[in-house]
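Structure assessment
Spelled out from the first residue to the last, the chains are:
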Amino acid sequence: MTARSETVAQLLGALSTVDGLRPAPPLLRSTVTRNTDALAFDIDAEVVRIRLVATALPLPPLLANAGEVVAKTLAGTPFAAARIELVVTDVDSAAFRRPEQP
């Protein structure tokens, strides 16, 4: 495994703990057997860009939480000094549903 693929795997695990956001991999026309969520990440020494779908609102606290999780996960990796960019590419319709009143 490369440093990039290990970091992506760690980031996928870390981001799974953030409720309200999920990776936004590109749509693929063919059947792919690998983890397509990893395609939502662009990682190099200068920037770590993660495309996300919001499944809850409001966005600012979700993105702040995700940014902290990503920064902690990158600590100690070759990408620790990279700028973090969280890009919301879509908002799931579930984010607009109001919770049911008791």
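Described in the following lines is the structure provided in the data block. (Residues numbered from 1 in each chain as written. Predicted model: local features only at pLDDT ≥ 70, side-chain atom pairs only at ≥ 80, totals over all residues. Heavy atoms only, no water.)

Observations concerning helix 1 (residues 3-15)
The first and last C-alpha atoms of helix 1 sit 18 Å apart over 13 residues, in line with the 18 Å expected at 1.5 Å per residue. Among the residues making up helix 1, those that are buried are Thr7, Val8, Leu11, Leu12, Ala14 and Leu15. An end-on view of helix 1 places all buried positions within 165° of arc, on one side of the element. (Helix = DSSP H or I, 4+ residues; strand = E, 2+ residues; numbered from the N terminus. Expected span 1.5 Å × (residues − 1). Buried < 20%, exposed > 50% of the residue type's maximum accessible area, 1.4 Å probe, protein only. Arc of directions from axis to C-beta.)

Describing the nonpolar core
Counting residues in hydrophobic clusters, the biggest one holds 21 residues, and the most contacted among them are Leu11, Leu15, Leu21, Phe41, Ile43, Val48 and Ile50. Elements represented by at least two residues in this core include exactly helix 1, strand 2 (41-43), strand 3 (47-54) and helix 2 (59-74). Excluding anything up to four places from it in sequence, Val48 contacts Leu11, Asp42, Ile43, Leu74, Phe79, Ala82, Arg83, Ile84 and Glu85. (Core = buried A, V, L, I, M, F, W, Y, C linked by side-chain atoms within 4.5 Å. Contact = heavy atoms within 4.5 Å.)

Let's talk about the pattern of salt bridges
It is possible for side chains bearing opposite charge to pair when their charged atoms get close. On inspection of all chains with the given rule, the structure shows 5 salt bridges. The partner of Arg51 in a salt bridge is Asp42, and the shortest N-O contact between them spans 2.8 Å. When its relative accessible area of 32% is taken as the criterion, Asp42 is described as partly exposed. One salt bridge in this structure joins Glu85 and Arg83, with 2.8 Å as the shortest N-O distance. (Salt bridge = Lys/Arg side-chain N within 4 Å of Asp/Glu carboxyl O.)

A closer look at the side chain of Thr73
Here Thr73 is to be found in helix 2. Residue class for Thr73 comes out buried when judged on its relative accessible area of 17%. Among the polar contacts listed, one links the side chain of Thr73 to the backbone oxygen of Val69, at a separation of 2.8 Å. Among residues more than four places away in sequence, those in contact with Thr73 are Gln10, Leu11 and Ala14. (Polar contact = N/O pair within 3.5 Å; in protein donor to acceptor, adjacent residues only side chain to side chain.)

Looking at the environment of Lys72
By the secondary structure assignment, Lys72 is in helix 2. Considered as a pair, Lys72 and Ala14 are 58 residues apart in the sequence and their alpha carbons are 9.1 Å apart.

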